[in-house]
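# Coordinate analysis (summary)
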Amino acid sequence: VQLQAYGGGLVQAGDSLRLACVASGRTFSTYDMGWFRQAPGKERQLVAAISWSGADTYYADSVEGRFTISRDNAKNTAYLQMNSLEPEDTAVYYCAARARRYGVTISNIYYTYWGQGTQVTVSS
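Residues numbered from 1 in each chain as written. Predicted model: local features only at pLDDT ≥ 70, side-chain atom pairs only at ≥ 80, totals over all residues. Heavy atoms only, no water.

### Description of the packing of aromatic side chains
The cut-off we apply is this: Centres within 6.5 Å make a pair out of two Phe, Tyr or Trp rings, where for Trp the six-membered ring is used; the pair is then stacked when the planes are under 30 degrees apart, edge-to-face when over 60, and tilted otherwise. Note on conventions: DSSP H or I runs of at least 4 residues are helices, E runs of at least 2 residues are strands, and numbering of each starts at the N terminus. For each residue, the accessible area found with a 1.4 Å probe, counting protein chains only, is set against the maximum for its type, and the residue is called buried under 20%, exposed over 50%, and partly exposed in between.
Overall, the coordinates contain four aromatic pairs when judged by the stated rule. Judged by centre distance (5.8 Å) and plane angle (75°), the ring pair of Tyr-31 and Tyr-113 falls under edge-to-face. Of the two residues, Tyr-31 sits in the loop between strand E3 (17-23) and strand E4 (32-38) while Tyr-113 sits in strand E10 (residues 113-114), which places them 82 residues apart along the sequence. You can call Tyr-31 buried: its relative accessible area is 9%.

The structure is reproduced here in structure tokens:
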């Protein structure tokens, strides 16, 4: 599967953005999805994850209550709605997919497919 991430940009603190990750192929509904981010000089970290069905989700503590992950399997798309953005959210955001319906996946080592990344910059 190929993943393409969209929706990044430059916003001010307190603003919102919605990222989208569009997947190629016919089996998107069998993939567990995750959104990661990587800031300069820092390791890539999981932001949010969603199971193949959308029934289960996970959020990093730093974004809990501000970000929402969702998916539309009919559109082969996963979303990350980001509200109340903070300068600390500035990073390149990546979507990732893990095949075979394992469920919510936290560790990046289990994700097989990665999108190209989209830059999110939040100014203070």
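### A short note on the pairing of strand E7 (residues 67-72)
In plain terms, the rule: Here a strand pair is declared whenever DSSP counts at least two bridges between the two strands.
Burial of the side chains of E7 is restricted to one face: Phe-67, Ile-69 and Arg-71 are buried, whereas none of Thr-68, Ser-70 and Asp-72 on the reverse face is. In this structure, E7 lies alongside strand E8 (residues 77-82), joined through six bridges in antiparallel fashion. Bridge assignment links Asp-72 to a residue of E8, and that residue is Thr-77. Here E7 folds back onto E8 in antiparallel fashion, the turn holding four residues, of which Asn-76 has a positive phi close to 55°.

### What about the nonpolar core?
The cut-off we apply is this: We call a set of buried residues a nonpolar core when its members are Ala, Val, Leu, Ile, Met, Phe, Trp, Tyr or Cys and they connect through side-chain atoms within 4.5 Å of each other. Every residue pair with non-hydrogen atoms within 4.5 Å of one another is taken to be in contact.
Membership of the largest hydrophobic core comes to 30 residues, with the highest contact counts inside it found for Met-33, Trp-35, Phe-67, Leu-80, Met-82 and Tyr-93. Where this core is concerned, the elements lending two or more residues are strand E1 (3-6), E3, E4, strand E5 (45-50), E7, E8, strand E9 (91-98) and strand E11 (118-123). Apart from the residues lying within four places of it in its own chain, the contact partners of Met-33 are Leu-3, Cys-21, Phe-28, Ala-48, Ala-49, Ile-50, Ile-69, Arg-71, Ala-78, Ala-96, Ala-97 and Tyr-111. Within the second largest apolar cluster, five residues are counted, among which are Phe-36, Leu-46, Ala-49 and Ala-96.

### Some thoughts on the sheet that holds E8
Cut-off, in case you're wondering: A fitted line through C-alpha atoms represents every axis, and for helices the fit uses only the stretch in contact; the resulting angles, taken between N-to-C directions, go from 0 to 180 degrees.
The sheet built from four strands is open, its strands ordered E1-E3-E8-E7 with antiparallel pairing. If you trace the sheet from one side to the other, it starts and ends with E1 and E7, each paired once. Between one strand axis and the next, the sheet turns through 15° on average, direction left out of account. Bridging between E3 and E8 involves six bridges; their strand directions are antiparallel. Looking at the pairing, Cys-21 lines up with Ala-78 of E8.

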